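Listed here are the chains, written in short residue letters.
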Amino acid sequence: MKKSFLVILLGFTIHTSYSQKIDKSKNELKSGNTSSSSSSNGGTTNTSNSGRSSSNNDDFGLVGLIAEGFLYVTFYSTIGDYRNENHLYNSLSKYPYADGDSGNFQSNNDSINYGNLMRLDVENHFLYSSNTSFGNHLKVKFRPFQYFYLQADYKELIEKNAFTERFSNLSLFQFNVSYDRIRFKKFNLGWTLGATYVGNDVQKAGFSYGLHTDVFAFKNISFNSAILWSKINGLPVNSFEIRGKYHKKNYFFALGYEHLKIATPNYNYITVGTGIYF
């Protein structure tokens, strides 16, 4: 009896020690952030209202001036000044290094100019962490012109329980509107706004925002990185990726790294992939 109890206890210990991060992420996202930060508004402060109405008029003028300045700085830092920044009018390239020199954007002063093209970028990357933890990342960018583009990401994470040999999977979808604030021939930098959705038995979504950049350092070689923050049910669902790409005509090969934080667990992957420009 004692021996059988030890066997059961040992089996339970091994099973919990090999419990999957994916299951933990999904369970936490379903239950949400239980640490409710309830700020108690019990204490009431009685302050004199005499003379406050007269100072409010001056405060409104000052607040309006500060708000106007803030909006001005925010607009030009996120959108840009189209009257003075010529790079914002740079045309979208047919594909990186199509002219042997330009990246995603081509200067309007160049002799070879394709005009404002419409472009579809499709890429797929295999994610590998270990023999029991891997996945896939499909990314699609639709560029109707040079001003902004729509991006959709589908990540399927798979994990094998070494004790039960059972597979768990997590489906992560990200939909964003992306804007390149800087559009140089060799460098572009921008931001994204959108939503993140976790499928499977979680089926919850949250607002997302992030930054992205591409550097076209050498002929046929580029580097890109992107970071995205979001929260679902009060818990973080964040992603970071960095890749090097070798371009050949209208397709490329890529090698990189991705880091994901889904609720409490963290995921780290080496990525290998390829892509094509239509």
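The numbering scheme is per chain: residues are counted from 1 as the chain's sequence reads. In keeping with the model being predicted, local features are shown solely for residues with a pLDDT of at least 70 and side-chain atom pairs are shown and tallied solely at 80 or more, while totals for entire chains, interfaces and linings include all residues. In computing side-chain properties, one takes all heavy atoms of the structure into account and sets aside hydrogens as well as water.

Moving on: the sheet that holds strand β5 (residues 149-160). For two strands to pair, DSSP has to find at least two bridges joining them. Note on conventions: DSSP H or I runs of at least 4 residues are helices, E runs of at least 2 residues are strands, and numbering of each starts at the N terminus. One closed barrel accounts for ten strands, arranged β3-β4-β5-β6-β7-β8-β9-β10-β11-β12; its pairing is antiparallel. Strand-to-strand twist in this sheet, taken as the mean axis angle between neighbours without regard to direction, amounts to 20°. Of the pairings in the sheet, the one linking strand β3 (residues 119-130) to strand β12 (residues 266-277) comprises eight bridges and is antiparallel in character. By the bridge assignment, Val122 is partnered in β12 with Ile276. Angles run from 0 to 180 degrees between N-to-C directions of axes, and those axes are lines fitted to C-alpha atoms, restricted for helices to the stretch in contact.

We now examine the environment of Arg166. Counting through the fold element by element, Arg166 comes out in the loop between β5 and β6 (167-183). Whether a residue is buried, partly exposed or exposed follows from its accessible area with a 1.4 Å probe, protein chains only, as a fraction of its type maximum: under 20%, in between, or over 50%, in that order. On the basis of relative accessible area, Arg166 is assigned to the partly exposed category, the value being 43%. C-alpha separation for the pair Arg166 and Gln20, spaced 146 residues apart in sequence, amounts to 9.7 Å. The residues touching Arg166, leaving out its near neighbours within four places in the chain, are Gln20, Asp23, Glu159, Lys160 and Asn161. Any pair of nitrogen or oxygen atoms within 3.5 Å is treated as a polar contact; in protein, a donor-acceptor pairing is required on top of that, and neighbouring residues in sequence qualify only through side-chain atoms on both sides. A distance of 3.4 Å separates a polar atom in the side chain of Arg166 from a polar atom in the side chain of Ser168. Every residue pair with non-hydrogen atoms within 4.5 Å of one another is taken to be in contact.

Soluble globular proteins tend to pack their nonpolar side chains together in the buried interior. Residues Leu29, Leu157, Leu170, Val198 and Ile262 are the most contacted members of the largest nonpolar core, which totals 16 residues. Leaving out residues up to four positions away in the same chain, Ile262 has contacts with Ser25, Leu29, Leu157, Leu170, Pro236, Val237 and Tyr267. Think of a nonpolar core as a cluster: buried Ala, Val, Leu, Ile, Met, Phe, Trp, Tyr and Cys residues, connected wherever their side-chain atoms sit within 4.5 Å.

Unlike most non-glycine residues, Tyr97 shows phi in positive territory, near 65°. With respect to the element layout, Tyr97 can be found in the loop between β1 (91-92) and β2 (105-106). One non-glycine residue, Ala263, lies in positive phi territory at about 60°. With respect to the helices, strands and loops of the structure, Ala263 is situated in the loop between β11 (251-262) and β12. Residue Ala263 is classed as buried on the basis of its relative accessible area, which comes to 2%.

Structurally, Phe126 is set in strand β3. Placed 143 residues apart in sequence, Phe126 and Tyr269 show a C-alpha to C-alpha distance of 9.0 Å. Residue contacts for Phe126: discarding those within four places in its chain leaves Phe134, Gly135, Asn136, Ile270, Thr271 and Val272.

By salt bridge we mean one thing: a side-chain nitrogen of Lys or Arg within 4 Å of a carboxyl oxygen of Asp or Glu. All chains considered together, the criterion is met by 15 salt bridges. With a closest N to O distance of 3.6 Å, Asp81 and Arg83 form a salt bridge. Of the residues examined, Arg83 reaches a relative accessible area of 66% and is grouped as exposed. The structure contains a network of salt bridges with shared partners spanning Lys139, Lys155, Glu241, Arg243 and Glu258.

A cluster of nonpolar side chains, Met118, Phe142, Phe148, Leu150 and Val177, forms an exposed patch at the surface whose accessible area comes to about 430 Å². Of note, Phe148 is situated in the loop between β4 (133-143) and β5. Patches here are clusters of residues that have more than 30% relative accessible area and form no salt bridge, with a 9 Å joining cutoff for like charges and a 5 Å cutoff for nonpolar side chains (Val, Leu, Ile, Met, Phe, Trp, Tyr). Using a 1.4 Å probe, the Shrake-Rupley method yields the accessible areas, and only the shown protein chains count as cover for residues.

Turning next to the packing of aromatic side chains. Under the pairing criterion, centres of Phe, Tyr and Trp rings, with the six-membered ring standing for Trp, must be within 6.5 Å; the plane angle then separates stacked pairs below 30 degrees from edge-to-face pairs above 60, leaving the rest tilted. Under the criterion given, the structure shown has 13 aromatic pairs. Residues Tyr97 and Phe216 carry aromatic rings whose centres are separated by 5.9 Å and whose planes lie at 75° to one another, so their mutual orientation is edge-to-face. Taken together, the residues span a long stretch of sequence, with Tyr97 in the loop between β1 and β2 and Phe216 in strand β8 (residues 204-218) at a distance of 119 residues. Accessibility assignment for this pair places Tyr97 and Phe216 in one class, buried. Put simply, the rings of Tyr82, Tyr89, Phe145, Tyr147 and Phe148 pair up and form one aromatic cluster. Two limits define a charge over a ring: the Lys NZ or Arg CZ must be within 6 Å of the ring centre, and within 35 degrees of the ring normal. Of note, Arg143 hangs over the ring of Tyr149, and the distance from its end group to the ring centre comes to 4.3 Å.

Quick look at the side chain of Arg143 now. Position of Arg143 among the secondary structure elements: in strand β4. With residues near it in sequence (within four places) discarded, Arg143 still touches Leu92, Asn104, Leu117, Met118, Arg119, Asp121, Phe148, Tyr149 and Asp180.

Right, let's get into helix α2 (residues 21-31). Ile22, Asp23, Ser25, Lys26, Glu28 and Leu29 are the residues of α2 that are buried. A positive backbone phi angle near 85° is found at Gly32, which sits one or two residues after α2.

Across the protein chain, the average pLDDT comes to 85, with 76% of residues at 70 or higher. Residue-level confidence of the predictor is summarised by pLDDT, bounded by 0 at the bottom and 100 at the top. Note on residues 4-18: pLDDT is under 50 here. Beyond four places in sequence and across chains, it has eight contacts. Low pLDDT, under 50, characterises residues 43-48; the predicted model gives this stretch one contact beyond four residues in sequence or across chains.

Okay, the pairing of β12 next. Looking down a regular strand, the side chains alternate between one sheet face and the other. With burial as the criterion, only one face of β12 is covered, namely that bearing Tyr267, Tyr269, Thr271, Gly273, Gly275 and Tyr277; the residues Asn266, Asn268, Ile270, Val272, Thr274 and Ile276 on the opposite face remain uncovered. Bridging between β11 and β12 involves eleven bridges; their strand directions are antiparallel. Each residue of the ladder has a partner; that of Leu255, found in β12, is Val272. Here β11 hands over to β12 after three residues, with Ala263 in that stretch at a positive phi of 60°.

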